[in-house]
Amino acid sequence: MHERTRAAAATDIGASAGGPHDTRARAVARALAHIEAHFRRPLTLGGIAAAAHVSRFHFARMFRREVRLSPMQYVRGRRILEAQRLMRAGDVPLTVIATGLGYFDQSHFSRAFRAATGLAPHQYMTRCAIDRNADAPMPFPLLPPALEHPCPLPPTPPSTTTA
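Residues numbered from 1 in each chain as written. Predicted model: local features only at pLDDT ≥ 70, side-chain atom pairs only at ≥ 80, totals over all residues. Heavy atoms only, no water.

A. Structural detail: the packing of helix α3 (residues 45-52) against helix α4 (residues 56-67). Where α3 meets α4, the axes come as close as 9 Å, and the angle between the chain directions of the two elements is 85°. If you check the angle between α3 and α4, you find them roughly perpendicular. Residues L45, G46, I48, A49 and A52 of α3 touch α4, and the partners they reach there are R56, F59 and A60. By residue class, the composition of the contact of α3 with α4 is six nonpolar, one polar and one charged. (Axes fitted to C-alpha atoms, helices over the stretch in contact; angles between N-to-C directions. Helix = DSSP H or I, 4+ residues; strand = E, 2+ residues; numbered from the N terminus. Parallel < 35°, antiparallel > 145°, perpendicular 65-115°, else oblique. Contact = heavy atoms within 4.5 Å. Nonpolar A, V, L, I, M, F, W, Y, C, P; charged D, E, K, R; others polar.)

Dropping the structure here:
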């Protein structure tokens, strides 16, 4: 009888299956979709929270609880993953990558990339050029495993050397 009373009370306050957690999950899903659509442009916490239809302060707590990263850590990680994908493709200059991903300049991008991966961008590109058989980006340590590789890999260019 006690369990039935608790379940009835949960239903009365809207905390049944899909209640507050479902609302959080939908808000976070809206935020992730907004980030995915706009991560190449400058993003603010307030702008992402508005896209999620939640106050900025509530959103920051909610996002961290659900994703285990702050919203801006997630944005930085997503940008770094895209930069890795572009660098593996090998045909995009670093200045274009930097400005195309919302960084002020190549120096700002290089600092962020090194902080995230432990390598300077040119070191990463050199490793990719040496090992064109690499089939995944170097792991980004701040992203949860489920979000570690959201970028599709570029096609492997045909070998230009002849044997």
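B. Expanded view of the confidence of the model for the protein. Chain-level pLDDT for the protein is 77 on average; 66% of the residues reach the 70-or-more range. The spread of mean pLDDT over the elements of the protein runs between helix α1 (residues 2-13), the lowest at 39, and α3, the highest at 96. Residue range residues 141-163 is modelled with pLDDT below 50. Its contacts to residues more than four positions away, or to other chains, number 32 contacts. (pLDDT = per-residue confidence, 0-100.)

C. Structural detail: the packing of aromatic side chains. The tally for this structure, following the rule as stated, stands at five aromatic pairs. On the basis of an interplanar angle of 50° and a centroid distance of 5.5 Å, the ring pair of F59 and F63 is categorised as tilted. A residue pair is termed a helical-turn pair when its members lie 3 or 4 positions apart in one helix, as F59 and F63 do in helix α4 at four residues. Judged on exposure class, the residue F59 and its partner F63 are both buried. (Phe/Tyr/Trp six-rings, centres within 6.5 Å; stacked < 30°, edge-to-face > 60°. Buried < 20%, exposed > 50% of the residue type's maximum accessible area, 1.4 Å probe, protein only.)

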